[in-house]
Amino acid sequence: IYKGKNIELESNPVDSIKVGNDYIAFINQGGNLRVYYNGETETIEENIPTSMIATANALVYKMNQRLMIYEHGKQTQLASWALNFYAADSIVTWQEASSLNIMAYQNGEIKTIESGYSVQTINSGKTGKNIFAYSDMNNQFKIFYNNKVYDTKASNIRNYKCGLNTVAYIDRFNNTFNIFYKGAIHTLSEQPPKSYAVADNMISYVDANNNFMLFYDGGVVQLETYVPTIQNAKDNIIEYYYDPELKIVYGGQTYNVDKFIPQQKIMLGPNSALYLDSNNRPKYFYKGKTFENIMIEQVSQMYL
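What comes next concerns the included structure. Keep in mind that this is a model prediction, so the values were computed, not measured. (Residues numbered from 1 in each chain as written. Predicted model: local features only at pLDDT ≥ 70, side-chain atom pairs only at ≥ 80, totals over all residues. Heavy atoms only, no water.)

## Here we look at the pairing of strand E30 (residues 272-276)
For E30, a buried count of five out of five residues is recorded, marking the element as mostly surrounded by other parts of the structure. Here E30 shows two buried faces, one formed by Ser 272, Leu 274 and Leu 276 and the other by Ala 273 and Tyr 275. Here three bridges tie strand E29 (residues 267-269) to E30, and the two strands are oriented antiparallel to one another. In the sheet register, Leu 268 faces E30, and the bridge partner there is Ala 273. Between E29 and E30, which pair antiparallel and follow one another directly, the connecting turn spans two residues, one of which, Asn 271, has a positive phi of 65 degrees. Taken together, the five bridges between E30 and strand E31 (residues 282-286) define a ladder with antiparallel strand orientation. (Buried < 20%, exposed > 50% of the residue type's maximum accessible area, 1.4 Å probe, protein only. Helix = DSSP H or I, 4+ residues; strand = E, 2+ residues; numbered from the N terminus. Pairing = 2+ DSSP bridges.)

Okay, structure coming up:
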């Protein structure tokens, strides 16, 4: 469905459907990679990619060693021979096979994060929407943000998560819970958390004393004095459940949304959450408001 019109893209079954903000990519029955963009469908590769990552703004994929990006109707080669690669909404990073340089593509530009002479290789890496965290060959934990590499002075970091402008990580050597936020590193706790979740510009975590805490836009507040049954984060939404209450953190505020909600039926998206209530009826949380009775009939499947 595009601009209210139902459009048939293929008459035969397709595979590996990927969806972004302004495109749909799929493999057709002939094994071609095709993309629908701005009302038109085109074949961008005549073979099946080795791997694909669909971000909000672009499709990033590898054809054997060749690393490609398709964004806003344009196909661009990022590297002729890339090793592992990582992609998020506004950043793509990879390591070149020949030079071992760690590279980044952001805002339409390709640049070198670190030369292969200094880092040798990437041991592990993760991306947030505009940030890349990685460990080099010496296990030094580093963060690439706003065209700058930050050395956290920490090593052997294995437990970390990324969000917009944000990286949270547990330093087992110093026994601390830390956050990188907009270029600065803060220690949130002198003891590792029991659990944590990372969203855009905010982190929820259960501290060593079972307090449920929230870091939001530079400050820390206490959400609850108990451990939630579950906590999940995606985009700029954090949801947590404590029988029987479902609560959502949005924009730094906590909303009591509903009761007796089956956890597996909650879906999160930008500014929103979609779930089935105790009567198996869909409800929609959007920017602080909950909309009920959005469907008269019961539904079997939902998408957000």
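## Brief notes about the packing of aromatic side chains
This model, assessed by the stated rule, comprises 16 aromatic pairs. Ring centres of Phe 132 and Tyr 134 lie 5.1 Å apart, and the angle between their planes is 15 degrees; on these two criteria the pair is classed as stacked. Taking relative accessible area as the criterion, Phe 132 reaches 0% and is therefore assigned buried. The class for Tyr 134 is buried, based on a relative accessible area of 0%. A ring pair is formed by Phe 212 and Tyr 240, whose centres lie 4.7 Å apart and whose planes are at 70 degrees; its orientation type is edge-to-face. Remark: Tyr 240 occurs in strand E26 (residues 237-242) and Phe 212 occurs in strand E23 (residues 212-216); sequence separation between them is 28 residues. Taking the relative accessible area as the measure of exposure, Tyr 240 reaches 1% and is therefore buried. An aromatic cluster is defined as three or more aromatic residues linked by ring pairs; in this entry it consists of Tyr 86, Phe 132 and Tyr 134. Above the face of the Tyr 160 ring, Lys 126 is positioned so that its terminal group lies 4.6 Å from the ring centre. (Phe/Tyr/Trp six-rings, centres within 6.5 Å; stacked < 30°, edge-to-face > 60°. Lys NZ or Arg CZ within 6 Å of the ring centre and 35° of its normal.)

## Quick word on the sheet that holds E31
The strand order across the open sheet built from four strands is E29-E30-E31-E32, with neighbouring strands paired in antiparallel fashion. Looking at which strands have only one partner, the edges of the open sheet turn out to be E29 and strand E32 (289-291). Put simply, the sheet's adjacent strands are angled 20 degrees from each other on average, direction ignored. (Axes fitted to C-alpha atoms, helices over the stretch in contact; angles between N-to-C directions.)

## Regarding the pattern of salt bridges
Counted under the stated rule, the structure contains 12 salt bridges. Across the salt bridge formed by Lys 142 and Glu 114, the nearest N and O atoms sit 3.2 Å from each other. Placement of the pair is Lys 142 in strand E15 (residues 140-145) and Glu 114 in strand E12 (residues 109-114), with a sequence separation of 28 residues. When the shortest N-O distance is used, the salt bridge between Glu 224 and Lys 247 registers 2.8 Å. (Salt bridge = Lys/Arg side-chain N within 4 Å of Asp/Glu carboxyl O.)

## Considering the sheet that holds strand E14 (residues 131-136)
Pairing in this open sheet of four strands is antiparallel, and the strands run E13-E14-E15-E16 from one edge to the other. Edge strands, defined here as strands with exactly one partner in the open sheet, are strand E13 (122-127) and strand E16 (148-155). With direction set aside, neighbouring strand axes in the sheet form an average angle of 20 degrees. Direction of pairing for E15 relative to E16: antiparallel, over a ladder of five bridges. Across the sheet, Gln 140 pairs through a bridge with Ser 155, a residue of E16.

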